[in-house]
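# Per-entry structural report
Spelled out, the chains give:
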There are 2 protein chains.
Amino acid sequence: MSRPFEELVAKVKNFEMKKVSVAVAQDSAVIEAVRMAKDRGIATAILVGDEDKIKAVAASINTDISDFEIVDVKDDIEASLTAVKLVRDGVADMYMKGLLQTKDFLKSVLNKEVGLRTGSALSHVCVFDVKGWDHLMFLTDVAFIPYPTLEDKKAMIENVLPITSACGVENPKVAPLAAVEVVNPKMPCTVEAAELTRMNKEGELTGCIVDGPLSLDLAIEPEAAMHKGATDRAIQGDADVLLFPDIHAGNLVYKAMVHTADVINGNMLTGTKAPVILTSRSDSAEVKVNSLALGALVAEYQKNNQ
Amino acid sequence: MSRPFEELVAKVKNFEMKKVSVAVAQDSAVIEAVRMAKDRGIATAILVGDEDKIKAVAASINTDISDFEIVDVKDDIEASLTAVKLVRDGVADMYMKGLLQTKDFLKSVLNKEVGLRTGSALSHVCVFDVKGWDHLMFLTDVAFIPYPTLEDKKAMIENVLPITSACGVENPKVAPLAAVEVVNPKMPCTVEAAELTRMNKEGELTGCIVDGPLSLDLAIEPEAAMHKGATDRAIQGDADVLLFPDIHAGNLVYKAMVHTADVINGNMLTGTKAPVILTSRSDSAEVKVNSLALGALVAEYQKNNQ
């Protein structure tokens, strides 16, 4: 039986191939990933950066890039602005970081003239397929917002909804996580979790079912919910979205699962006009390709639901 | 090949059987666990609580407790003080929570006359054996201290050392974790991680090697350390102890690993005169038995190293 993430990737092949614009593309790991993505029918690429260096990097890893468009811009900042504008103008469908500092990449994403800003906070979403689970899990935010405020958390939930929809999950169950499942005034994240739940109940936060605070076992293990007698809760081990209290909790859980479980995952930035792929040095080529597949799926969803 | 945790349990059988004193023992999960522990040669028990209820609970789960000593104390608070005094007086070797509120159990642990207080902060340690890893991992604190201060974190490291030693790990490598591996003044836990590292280098915190802040991949994956060029660090994917920034990060990682990976684990409270077993409702009988084995090992170590 194919796994849920593999089914997502299969869906991508059913529509016209999407195009990723890469900022400062002279990066071997990124060139390897876009090559793999093209070969699998997931996405094609426009490589923006120093053309000589791009060709030299591709040659150094014996990778054919003759079927990719190259836009020669030597200066890194200028390359990023050129690359993001291609997405803003609809020439490309999604935007990916190459060999430049994350902060410079983000400046291009947020640039008022050529960037992808929507007015919403940006946040990071990770789509997880854990072996043995029959459904996808969406994690936010494991990489971008250090200490989200209540407003940020509301935006994080709103930002994840187009992604769950693009992946075929409607009205997802969102679990604001903590170490405990009851509100404790000494633990601010439990208070905020309850507040998000209230907003959801009272119609200030729609398109999902929010129930928090929740401990991770109550969020993901139906048996734990039963064992703890949590049978009156909206989420009983069947959460779709895991909302983390801060970046440390999110990032440590993300890495714990990647390094100890059998996980297929893709990641993207959201809250933008088009999908933004911001992978890290420690991500494997598979994660980068999966992220491109996820971006393509979300781009198609956004095109059809504007 | 036997797994590291199984080797620990085998060691316990080499010395005289330890005795656990159970506070308010009329709890079916606890009775099941002490029965299993005795049958496996790990520990025997003194059951302190309402004798009639203890016998009724044991009968309801068809469990023979005729070989355990029962001390009949009807009142729960009084039962906890009687049970902890048995450990304080050396009649029993470790102390375990039964059917009473955690806060009342902790009051007995911290009681000045009959408790197990040492002057150190109490903290929680979890010993993990993850399938595929060749060594044990010690997690602190996933259940007890909500938001540890720098002083608490120093105590957490000092408290874990008798446990690593009891498990045969000398001069353990301690990784104060964060989402990132560089100090960021906007992330207090990274500043504290660097401060703990400095204390260790300058001899204020000894018996271990501290290197932080570390992201989880650098702490546990030698390949990630190599890939990120972190070859000058004291820890390069070979951490023994994972020190979490707060209870949310620790608890969520703990539960993520328990629910997605193949893990054998035991847990205990430390910073006390004798091992304290504080398991939670969601822990399986196996975790409770493993915790008793861990407690027996630490009790033996403390006896030989006073």
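Residues numbered from 1 in each chain as written. Chains lettered and ligands numbered in written order. Predicted model: local features only at pLDDT ≥ 70, side-chain atom pairs only at ≥ 80, totals over all residues. Heavy atoms only, no water.

Moving on, we come to the overall build of chain A. Of regular secondary structure, chain A possesses 11 helices and 11 strands. In terms of C-alpha radius of gyration, chain A reaches 20 Å, essentially the compact-globule figure of 19 Å for 306 residues. Considered along the principal axes of its C-alpha atoms, chain A spans approximately 65 × 45 × 35 Å. Relative to all contacts within chain A whose residues are 6 or more apart in sequence, the contacts with residues 24 or more apart total 71%. Accessible surface, chain A as shown: approximately 12000 Å² in total, 50% of it carbon and sulfur. (Helix = DSSP H or I, 4+ residues; strand = E, 2+ residues; numbered from the N terminus. Rg over C-alpha atoms; globule rule 2.2 N^0.38 Å. Contact = heavy atoms within 4.5 Å. Areas by Shrake-Rupley, 256 points an atom, 1.4 Å probe, with all protein chains shown as cover.)

Bringing the relation of the copies chain B and chain A into the picture now. Take chain B, turn it by 180°, move it 0.0 Å along the axis, and it overlays chain A with an RMSD of 0.0 Å. Between the two chains, the operation in question is that of a two-fold axis. Taking C-alpha positions as reference, the residue of chain B nearest the rotation axis is B:Ala249, located at 1.9 Å. Both copies contact each other with a shared surface, as 100% of the interface residues of chain B are interface residues in chain A too. (Least-squares fit on C-alpha atoms with pLDDT ≥ 70 in both.)

The next thing to look at is the pairing of strand E10 (residues 263–270) of chain A. Residue and element names in this part refer to chain A. Within E10, eight of the eight residues are buried, which leaves it mostly tucked inside the rest of the structure. Looking at chain direction, strand E5 (residues 123–130) and E10 are connected through eight bridges and run antiparallel. Directly across from Cys-126, in E10, lies its bridge partner Asn-267. (Buried < 20%, exposed > 50% of the residue type's maximum accessible area, 1.4 Å probe, protein only. Pairing = 2+ DSSP bridges.)

Caution applies to low-pLDDT parts of the model: their predicted coordinates are not meant to be read in detail. Here chain A averages 95 in pLDDT, while 100% of its residues score no lower than 70. Interface confidence for the predicted complex, given as ipTM, is 0.92, next to a pTM of 0.94. (pLDDT = per-residue confidence, 0-100.)

Our focus in this paragraph is the pairing of E5(A). Walk down a regular strand and you will see the side chains alternate between the two sheet faces. Residue and element names in this part refer to chain A. Most of E5 sits out of view: eight of its eight residues are buried. Neither face of E5 is left uncovered, since the one carrying Ser-123, Val-125, Val-127 and Asp-129 and the one carrying His-124, Cys-126, Phe-128 and Val-130 both have all their residues buried. Note that E5 and strand E6 (residues 137–140) share three bridges and pair antiparallel. Paired with Val-127 across the strands is Phe-138, a residue of E6. Linking two consecutive strands that pair antiparallel, namely E5 and E6, is a turn of six residues; a positive phi of about 100° is found at Gly-132 within it.

Residues B:Val34, B:Ile42, B:Leu47, B:Phe138 and B:Leu292 are the most contacted members of the largest nonpolar core, which totals 57 residues. Sequence-distant contacts of B:Ile42, defined by excluding residues within four places in its chain, comprise B:Val9, B:Val12, B:Met17, B:Lys18, B:Ala37, B:Val289, B:Leu292, B:Ala293 and B:Ala296. One finds A:Ile235, A:Met257, B:Met137 and B:Ala219 within the second-largest nonpolar core, a separate group that totals 56 residues. (Core = buried A, V, L, I, M, F, W, Y, C linked by side-chain atoms within 4.5 Å.)

A few words on the side chain of A:Asn265. Residue and element names in this part refer to chain A. If you trace the backbone, Asn-265 turns up in strand E10. You can call Asn-265 buried: its relative accessible area is 4%. Separated by 3.2 Å, the side chains of Asn-265 and Tyr-254 make a polar contact. Of the polar contacts made by the side chain of Asn-265, one reaches the side chain of Asn-267; its length is 3.2 Å. When neighbours within four sequence positions are excluded, Asn-265 is seen to be in contact with Phe-5, Cys-126, Val-127, Phe-128, Tyr-254, Val-258, Val-287 and Asn-290. (Polar contact = N/O pair within 3.5 Å; in protein donor to acceptor, adjacent residues only side chain to side chain.)

Attention now goes to helix H6 (residues 150–166) of chain A. All names here are of chain A. Look at H6: 25 Å from first C-alpha to last across 17 residues, which is about the 24 Å you get at 1.5 Å a residue. At Val-160, H6 shows its maximal kink, close to 25°; a proline, Pro-162, follows between one and four residues later. Most of H6 is tucked away, with 12 of its 17 residues classed as buried. Those residues of H6 that sit buried are Lys-153, Lys-154, Ala-155, Met-156, Ile-157, Asn-159, Val-160, Leu-161, Ile-163, Thr-164, Ser-165 and Ala-166. Immediately downstream of H6, the backbone of Gly-168 shows phi near 85°, a positive value. (Expected span 1.5 Å × (residues − 1). Bend = angle between axes of the 7 residues up to and from the residue.)

Turning next to the interface of chain B and chain A. Residue-level contacts link 36 residues of chain B with 36 residues of chain A. Together, the buried faces of chain B and chain A total about 3000 Å²; carbon and sulfur atoms form 69% of this surface. Counting the contacts that link chain B with chain A gives two salt bridges. A salt bridge links A:Asp217 to B:Lys255; the shortest N-O distance between them is 3.5 Å. Along the contact surface separating chain B from chain A lie six residue pairs in polar contact (both at pLDDT 80 or more). Within the residue set of the side of chain B that touches chain A, elements represented by two or more residues are helix H7 (188–201), helix H8 (216–220) and helix H10 (247–260) of chain B. Residue classes in the side of chain B that touches chain A are distributed as 21 nonpolar, seven polar and eight charged. (Buried area = accessible area lost by both parts, 1.4 Å probe. Salt bridge = Lys/Arg side-chain N within 4 Å of Asp/Glu carboxyl O. Nonpolar A, V, L, I, M, F, W, Y, C, P; charged D, E, K, R; others polar.)

For H7(B), spanning 14 residues, the distance from its first C-alpha to its last is 20 Å, which sits close to the expected 20 Å at 1.5 Å a residue. In this fold, the buried residues of H7(B) make contact with helix H10 (247–260) of chain A together with helix H6 (150–166), strand E7 (173–176), strand E8 (209–210) and strand E9 (241–243) of chain B. Positioned one or two residues after H7(B), B:Gly203 has a phi angle of 80°, which is positive.

Before going further, it helps to spend a moment on the pattern of salt bridges. Summed over the entire model, instances satisfying the criterion amount to 44 salt bridges over all chains. Residue A:Lys74 is joined to A:Asp52 by a salt bridge in which the shortest nitrogen-to-oxygen separation is 3.6 Å. You can see A:Lys74 sitting in the loop between strand E3 (69–72) and helix H4 (76–88) and its partner A:Asp52 sitting in helix H3 (residues 51–60), a full 22 residues away along the chain. When its relative accessible area of 44% is taken as the criterion, A:Lys74 is described as partly exposed. We note a salt bridge from B:Arg40 to B:Glu286, for which the minimum N-O separation is 2.8 Å.

Attention now goes to the environment of A:Lys228. With respect to the secondary-structure elements, A:Lys228 resides in the loop between helix H9 (222–227) and strand E9 (241–243). Linking A:Lys228 and A:Thr82, residues 146 residues apart in sequence, is a C-alpha distance of 54 Å. If sequence neighbours within four positions are ignored, A:Lys228 has contacts with A:Glu181, A:Ser215, A:Asp217, A:Leu218, B:Lys255, B:Arg281 and B:Ser282.

Moving on, we come to the packing of helix H1 (residues 4–12) of chain B against helix H11 (residues 285–304) of chain B. Residue and element names in this part refer to chain B. Packing of H1 against H11 leaves a shortest axis separation of 9 Å and a crossing angle of 55°. Classified by the angle between their axes, H1 and H11 sit oblique to one another. Both H1 and H11 take part in a crossing whose hand is left-handed. When H1 is examined against H11, the residues Phe-5, Leu-8, Val-9, Lys-11 and Val-12 are found in contact with a partner set consisting of Asn-290, Ala-293, Leu-294, Ala-296 and Leu-297. The class makeup of the residues in the contact of H1 with H11 is eight nonpolar, one polar and one charged. (Axes fitted to C-alpha atoms, helices over the stretch in contact; angles between N-to-C directions. Parallel < 35°, antiparallel > 145°, perpendicular 65-115°, else oblique. Left-handed = near helix turned anticlockwise from the far one by under 90°.)

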